[in-house]
Amino acid sequence: MLAAIALAIAQPRILVAYHTETNRTGSLAALVAAGARDAGAEVRLLPVSNVSCGDMLWYDGLALGSPVFWGTMSGRMKLFLDDVQQRCFGWPVMELRWRAGAAFATGAHEASGKSATINALHTFMLSVQMVVLGNEPAANCLLGACATNRNESAATPTWTQQEMADADALGKRLVQAATALKPLHPPPPMGVHIIRPY
């Protein structure tokens, strides 16, 4: 019994939240989540439409993913992030400080704005005092994990081995950072609200 309690306390909790319309970003999110699970984390893999305020307070590490829409994050992802502040926390958001954050993006072209999208997601994290991390030095996308949709008409995306390895590495790296930062988290607030579905 005590061993199970100690494991629950020590095991980092990772939330992988994403927006997708074609499941391309969802499939990359699943690879990030798998990397985090392989590193020993408890993982929640959710589209942003299903993320509650309770989920936002639950995690030790957060990975946000979005497709590139006009060179930045999707409108649904932006609406979600705006809604998190308004519905869950108010301003300033202090509840998320010292939690680890990472980001990933998918796009239809090599230069479609994946880095700009990741930077926009990082900006949210920095604004709420999270600790932001990029990927390993060998990654194609140092800011996070990036994948290019090479066949828009395909029912399922075909990622390169490097893109899949980068997503896996980002999940593992997020677990390492979340574990190291966990002792610095502020205590959770007393009341929790639910984010309305979109």
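Rules and cut-offs
Residues numbered from 1 in each chain as written. Predicted model: local features only at pLDDT ≥ 70, side-chain atom pairs only at ≥ 80, totals over all residues. Heavy atoms only, no water. Phe/Tyr/Trp six-rings, centres within 6.5 Å; stacked < 30°, edge-to-face > 60°. Lys NZ or Arg CZ within 6 Å of the ring centre and 35° of its normal. Helix = DSSP H or I, 4+ residues; strand = E, 2+ residues; numbered from the N terminus. Expected span 1.5 Å × (residues − 1). Buried < 20%, exposed > 50% of the residue type's maximum accessible area, 1.4 Å probe, protein only. Contact = heavy atoms within 4.5 Å. Pairing = 2+ DSSP bridges. Right-handed = clockwise from strand over helix to strand, strands pointing away. Disulfide = S-S within 2.5 Å.

Asks: How should I be thinking about the packing of aromatic side chains in this particular structure?
Replies: The geometry of an aromatic ring pair is captured by the separation of the ring centres together with the interplanar angle, meaning the angle of the planes. Taken as a whole, this structure holds zero aromatic pairs when the rule is applied. In this structure, R44 packs its charged tip against the face of W58, placed 3.9 Å from the ring centre. Directly above the aromatic system of Y59 lies the positively charged group of R99, at a separation of 5.6 Å from the ring centroid.

Asks: I would appreciate a short explanation of helix α2 (residues 24–38) in the present structure.
Replies: The α-helix advances 3.6 residues per turn, and as a result positions three or four apart in sequence lie on the same side. If you check α2, its first and last C-alpha atoms are 22 Å apart, about what 15 residues at 1.5 Å a residue would give, namely 21 Å. Every buried residue of α2 is listed here: R24, T25, G26, S27, L28, A29, V32, A33, G35 and A36. The secondary structure elements touched by the buried residues of α2 are β1 (13–18), β2 (42–47), β3 (61–67), β4 (100–107), β6 (145–148) and α6 (161–181). G40 sits one or two positions beyond α2 and adopts a positive phi of about 100 degrees.

Asks: Which parts of the structure should I look at to understand the pairing of β1?
Replies: A regular strand places its side chains so that they alternate between the two faces of the sheet. The buried fraction of β1 amounts to five of the six residues, a majority that puts the element mostly inside the structure. Examined bridge by bridge, β1 and β2 share six bridges and lie parallel to one another. Bridging from a neighbouring strand, L15 pairs with R44 of β2. Each parallel crossover has a hand, and for β1 linked through α2 to β2 it is right-handed. Pairing geometry for β1 and β3, over five bridges, is parallel. Residue pairing in the sheet places A17 in a bridge with L64 of β3.

Asks: Please clarify how the state of the cysteines should be interpreted in this entry.
Replies: A covalent bond between the sulfur atoms of two cysteines is what we call a disulfide. Evaluated as defined, the whole model comprises two disulfides. A sulfur-sulfur distance of 2.1 Å marks the disulfide that ties C141 to C146. Across the pair, exposure class does not vary: C141 and C146 are buried alike. When the cysteines engaged in disulfides are numbered in sequence order, the protein pairs them as 1-2, 3-4.

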